[in-house]
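Per-entry structural report
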Amino acid sequence: MPLDHYTSALEQVRPMIAEYAPAAWSEALEGTPAARSQPASELSALLLAVNYELLGYSPEHAWLLAQRGEGAAPDHLDG
């Protein structure tokens, strides 16, 4: 299930839990350079967007900030 960047990240957590194994969630939460597989990257972006929504940003702004956060991760700048 692809992430919908026009829908609340909070609303997408439950379907993503059903879709991805706990190992993918663990990999996303580790935040290490090895955690850059497609599922881990998607889940990392989702978790960042959720955090921004919980801080009070609109879903659209939360996704925008999450995408910037993913792109600015040190492993992307170093390699």
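Scroll up a little and you will see the structure.
Reading the values: the criteria
- Residues numbered from 1 in each chain as written.
- Predicted model: local features only at pLDDT ≥ 70, side-chain atom pairs only at ≥ 80, totals over all residues.
- Heavy atoms only, no water.
- Helix = DSSP H or I, 4+ residues; strand = E, 2+ residues; numbered from the N terminus.
- Contact = heavy atoms within 4.5 Å.
- Areas by Shrake-Rupley, 256 points an atom, 1.4 Å probe, with all protein chains shown as cover.
- Phe/Tyr/Trp six-rings, centres within 6.5 Å; stacked < 30°, edge-to-face > 60°.
- Buried < 20%, exposed > 50% of the residue type's maximum accessible area, 1.4 Å probe, protein only.

Things to note about the overall build of the chain
Regarding its fold elements, the chain presents five helices and zero strands. Taking the intrachain contacts of the chain between residues at least 6 apart in sequence as the baseline, contacts between residues at least 24 apart amount to 43%. Just so you have it, the chain exposes about 4,900 Å², and 60% of that area is on carbon and sulfur atoms.

Quick look at the packing of aromatic side chains
The geometry of an aromatic ring pair is captured by two quantities: the separation of the ring centres and the angle between the planes. Under the definition given, this model contains one aromatic pair. Ring plane angle 85° and centroid distance 5.8 Å describe the contact between Tyr52 and Tyr57, whose orientation is recorded as edge-to-face. The partly exposed category is assigned to Tyr52, whose relative accessible area is 24%.

Quick notes on the environment of Ala45
For Ala45, the position within the fold is in helix H3 (residues 38–54). Classification of Ala45 as buried rests on a relative accessible area of 12%. Sequence separation between Ala45 and Ala62 is 17 residues, and the spatial gap between their C-alpha atoms is 9.9 Å.

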